Amino acid sequence: GINAEYGEGVGVVAGAIYLVCLFCTIPFYVLHSKDNSSSTMLTNLSQYLSALLSICCMILLGFTDDVLNLRWRHKLVLPTIASLPILMVYYVTYGNTYIVMPFPIPQLFNVNVFDLGILYYVYMGMLAVFCTNSINILAGVNGVECGQSVVIAVSVLINSLININSLTWPEHLFALYLVCPFIGVSLAVLFYNWYPSKVFVGDTFCYFAGMTFAVLGILGHFSKTMLMFFMPQIFNFILSVPQLFHLVPCPRHRLPRLHPTEDKLMMSTVKFKHSQLGMAGRLLLYILPKLGLTKITIEDENVTMTNLTILNVMLSVIGETHERTLTLYLLLLQSVCSVVAFLVRYRLVYLFYDE
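Residue positions are given per chain, counting from 1 as you read along its sequence in written order. Restriction of local features to residues with pLDDT of at least 70 applies here, the model being predicted, together with a cutoff of 80 or more for giving and counting side-chain atom pairs; totals for whole chains, interfaces and linings are based on all residues. Computation of side-chain values: all heavy atoms of the structure, hydrogens and water removed.

Q: How should the layout of surface pockets be read in this particular structure?
A: To locate leftover empty space, one rolls a probe as large as a water molecule over the atoms. A cavity, in this analysis, means grid points on a 1 Å lattice covering only the protein atoms where a 1.4 Å probe fits yet has no way out; a pocket is instead an open set bounded by protein on both sides within 12 Å along at least five of seven lines, and a residue lines either one if it has an atom within 4 Å of a point. Grid points are joined across faces, edges and corners, and a volume is the space filled by probe spheres set on the points. Each pocket or cavity is described by its volume, and for the largest pocket that value is around 1300 Å³. Val100, His221, Lys224, Thr225 and Arg345 are, among the 36 residues lining the largest pocket, the residues nearest its centre. The helix and strand labels rest on DSSP assignments: H or I over at least four residues marks a helix, E over at least two residues marks a strand, and numbering proceeds from the N terminus. Of all the secondary structure elements, the ones that give two or more residues to the lining of the largest pocket are strand S1 (98–100), helix H6 (118–137), helix H7 (144–163), helix H8 (169–193), helix H9 (202–219), helix H10 (223–229) and helix H14 (323–346). A per-element tally of the lining of the largest pocket places H10 first, with four residues. Ten residues, namely Ala, Val, Leu, Ile, Met, Phe, Trp, Tyr, Cys and Pro, are considered nonpolar, four, namely Asp, Glu, Lys and Arg, are considered charged, and the remaining ones, Gly among them, are considered polar. Taken together, the residues of the lining of the largest pocket break down into 21 nonpolar, ten polar and five charged. For the second largest pocket, the lining is made up of 32 residues, of which Asn136, Asp203, Arg252, His253 and Leu255 are closest to its centre. Of all the secondary structure elements, the ones that give two or more residues to the lining of the second largest pocket are helix H2 (38–68), helix H3 (72–82), H6 and H9. Broken down by element, the residue count for the lining of the second largest pocket peaks at three residues, all from H9. The class makeup of the residues in the lining of the second largest pocket is 14 nonpolar, ten polar and eight charged.

In C-alpha cells:
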C-alpha cells in the first residue's frame, strides 16, 4: 500500500551474516587438509583472510554507494584497490602467470605456454572490477540481482563438486567453503526480494556478490570458467558500453519502466538531440537498430532511443510483460548459459587442449 514500509540496503545485512559465517568456519578450513604441516595451514589461513578482507571492503563500498551515490570512476578504482589482498596472496602462495596455448598455436609456433607476467595480475584486477560492476548494472527488477547471483553460485558449487576429487581439490575445497554460505544468504534475500518485493538489496549486495565471485575465480584458480558463468553479464556490459562511456547519452537509471495503465514492464528510453552525438555515436545509432539491440524514433532533431541493456533487448523480443515473468526469463537465460559453460569447459575444451 501507499504507507507500506520497505527495507532498503538489505545487502548490508546479508553481507554481515555472510562474514560471520566465514569467520566461524576459519578453524575448519585451516585444519581441513590432507597435509597438516604448518606451511599448508599458514597458506590456507592467508587465502581465507585475504578473501574476507576483500569481500568486507566491497561491502563497505556498497554501503557507501547506497548512502552517497558514488560516481562511476570511484566504482572502477575502489574494487581494484579491494582486490589487492587476494592478488598479493595469489602472488605469494601460487604466483603462476603462465597460460596454456590452445590448438593450433603449439603446432604452428612450437609454443605450449606463454608467460603473461604482470599482465596476468592486471587481468585478475580487471576481473574483480568487472564482477562487482556487472551485477550492479544488470539490476533494478525485483529478484534479478539475487537471482542471477544464486544461479552463478550454484554453477560454481557444481563445478567445485565435479573437481573435488581431482588434483586441484584444495582450490575447490576453498571454493566450497565460500560459496555454500553465499548461496544460503542469497536465497534468504531472494525470498524477500522476489516480486512483490518486501526489501531492496541496494548496491551493497551487488558489490558483495561480485567480489565474492572474483575471489572464487582468482583464489580458486578457475577465473576463465567463472567468466563463462558470466556470459549474460558480459553481453549486457558490452551492450552498455556506448552509454557507460557516453558515446550516446546515458540516464541515471536505465531499468525498464512500468506501463502507465497495466501491471507490465516496458522498455525504458532516453531522449536527446541528434546534434549531441559525435561521429562514433551517430555510427552506433545506425548500426544498433539493424542488429535489433535498440529501437529508435527520430523526429526532426529529437531522438528517442531504448536504453542499451539486456533487459530491454528481452522486452523487445517477448514484448511488454509482468515483472516476475521478466525475472524468470532472465534466470532461465542465466541457467542456459551455465549449461553452455559446462559443455565448453568439460567437452569442447578438448578440441583445443590436450587432456
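Once you've had a look at it, read on.
Q: It is not clear to me how H9 should be interpreted in this structure. Could you clarify?
A: Every α-helix winds through 3.6 residues per turn, so residues three or four apart in the chain are directed the same way. Helix span, as expected, comes to 1.5 Å for every residue beyond the first. Between its first and last C-alpha, H9 extends 27 Å over 18 residues, near the 26 Å set by a 1.5 Å rise per residue. His221 lies just past H9 and shows a positive phi near 60°.

Q: Please explain a nonpolar patch on the surface as it appears in this structure.
A: To count toward a patch, a residue needs a relative accessible area over 30% and no salt bridge; like charges are then connected within 9 Å, while nonpolar side chains (Val, Leu, Ile, Met, Phe, Trp, Tyr) are connected within 5 Å. Values of accessible area rely on a 1.4 Å probe in the Shrake-Rupley scheme; residue burial ignores everything except the protein chains shown. Each reported salt bridge corresponds to a side-chain nitrogen of Lys or Arg within 4 Å of a carboxyl oxygen of Asp or Glu. Among the surface-exposed residues, Val317, Ile318, Tyr329, Leu332, Val336 and Val340 lie close enough to one another that they form a single nonpolar patch of about 530 Å² accessible area. Of all the secondary-structure elements, those providing two or more residues to the nonpolar patch are helix H13 (310–318) and H14. Inspection of the secondary structure assignment puts Val317 in helix H13.

Q: How should I be thinking about the packing of aromatic side chains in this particular structure?
A: Two numbers describe a pair of aromatic rings. These are the distance of the centres and the angle of the planes. In this scheme Phe, Tyr and Trp rings, the latter by its six-membered ring, pair at centre separations within 6.5 Å, and the angle between planes marks the pair as stacked below 30 degrees, edge-to-face above 60, and tilted otherwise. Applying the stated criterion across every chain, the model contains 22 aromatic pairs. Ring centres 6.1 Å apart and planes at 65° place the aromatic pair Tyr91 and Tyr121 in the edge-to-face group. Here the residue Tyr91 occupies a position in helix H4 (residues 84–93), and Tyr121 occupies one in helix H6, the gap between them amounting to 30 residues. Here the aromatic residues Tyr18, Phe130, Phe182, Phe205, Phe208, Phe213, Phe230 and Phe237 are joined through ring pairs into a cluster of three or more. As a reminder, the over-ring test applies to NZ of lysine and CZ of arginine, requiring each to be within 6 Å of the ring centre and within 35 degrees of the ring normal. When the ring centre of Tyr346 is taken as origin, the NZ or CZ atom of Arg345, which lies over that ring, is 4.7 Å away.

Q: I'm lost on H8 in this one. Help?
A: In this model, H8 (25 residues) spans 35 Å end to end at C-alpha, consistent with the 36 Å of a helix rising 1.5 Å per residue. The rule is simple: take the accessible area with a 1.4 Å probe, protein chains only, and divide by the maximum for that residue type; under 20% is buried, over 50% is exposed, in between is partly exposed. The buried count for H8 comes to 18 of 25 residues, which makes it a mostly enclosed element.

Q: Quick question: what am I supposed to make of the nonpolar core here?
A: Note on terminology: a nonpolar core comprises buried Ala, Val, Leu, Ile, Met, Phe, Trp, Tyr and Cys residues joined through side-chain atoms within 4.5 Å. Core analysis: the largest hydrophobic core is formed by 66 residues, its most contacted members being Leu178 and Phe213. Only heavy atoms enter the contact rule, under which two residues are in contact if any of them lie within 4.5 Å. What Leu178 contacts, discounting residues up to four positions off in sequence, is Tyr18, Leu22, Tyr48, Ala51, Val215 and Leu216. By size, the runner-up hydrophobic cluster in this structure holds twelve residues, among which are Leu277, Leu285, Leu293 and Leu308.

Q: I tried to follow the confidence of the model for the protein chain on my own but got confused; where do I start?
A: Low-pLDDT portions of the prediction should not be read for the details of their coordinates. On average, residues of the protein chain score 89 in pLDDT, and 96% of them reach the 70 mark or higher. The predictor's confidence in any single residue is recorded as pLDDT, a number from 0 to 100. Of all the helices and strands in the protein chain, helix H5 (residues 105–109) carries the lowest mean pLDDT, 79, while H7 carries the highest, 96.

Q: Help me out: how do you make sense of the pattern of salt bridges in this one?
A: Oppositely charged side chains are able to pair whenever their charged atoms sit close together. As enumerated under the stated definition, the model contains one salt bridge in all. Lys264 is paired through a salt bridge with Glu262; the nearest N and O atoms lie 3.7 Å apart.

Q: Please clarify how unusual backbone geometry should be interpreted in this entry.
A: Across residues other than glycine, the phi torsion is negative in most instances, and most of the peptide bonds are trans. Pro196 follows Tyr195 through a cis peptide bond whose omega is -5°. For Pro196, the location among the structural elements is in the loop between H8 and H9. Residue Asn110 is not a glycine yet carries a positive backbone phi of 55°. On the secondary structure map, Asn110 appears in the loop between H5 and strand S2 (113–115). Positive phi, normally seen in glycine, also occurs at His221, with a value near 60°. Assignment of secondary structure puts His221 in the loop between H9 and H10.

Q: Can you walk me through the state of the cysteines in this structure?
A: Here, disulfide denotes a covalent bond that connects the sulfur atoms of two cysteines. Our working definition of a disulfide is a cysteine sulfur pair at a distance within 2.5 Å. In total, this model carries zero disulfides according to the counting rule given. For the unlinked cysteine Cys180, the closest cysteine sulfur is that of Cys21, found at 11 Å. The exposure class assigned to Cys180 is partly exposed, which follows from its relative accessible area of 41%. Distance from the sulfur of Cys250, which forms no disulfide, to the nearest cysteine sulfur (Cys206) is 16 Å.

Q: Would you mind going over the sheet that holds strand S5 (residues 269–273) with me for this structure?
A: Note on pairing: two strands pair once DSSP finds at least 2 bridges between them. A sheet is described by the order of its strands in space; here three strands give the open sequence S5-S7-S6, paired in antiparallel fashion. Strands with a single pairing partner mark the edges of an open sheet, and in this sheet they are S5 and strand S6 (296–299). Neighbour to neighbour, the strand axes of the sheet diverge by 15° on average, direction disregarded. Inspection of the sheet shows S5 paired to strand S7 (residues 302–306) by five bridges, in the antiparallel sense. Note on S7: the bridge partner recorded for Phe272 is Val303. Only the contacting stretch of a helix is used when fitting its axis, a line to C-alpha atoms as for every element, and angles between N-to-C directions run 0 to 180 degrees.

Q: Teacher, can you tell me more about the pairing of S6 here?
A: If a strand is regular, its side chains alternate between the two faces of the sheet. Across four bridges, S6 lies against S7 in antiparallel orientation. The partner of Ile296 across the bridge, within S7, is Met305. Between the antiparallel neighbours S6 and S7 lie two residues, among them Asp300 with a positive phi of about 55°.

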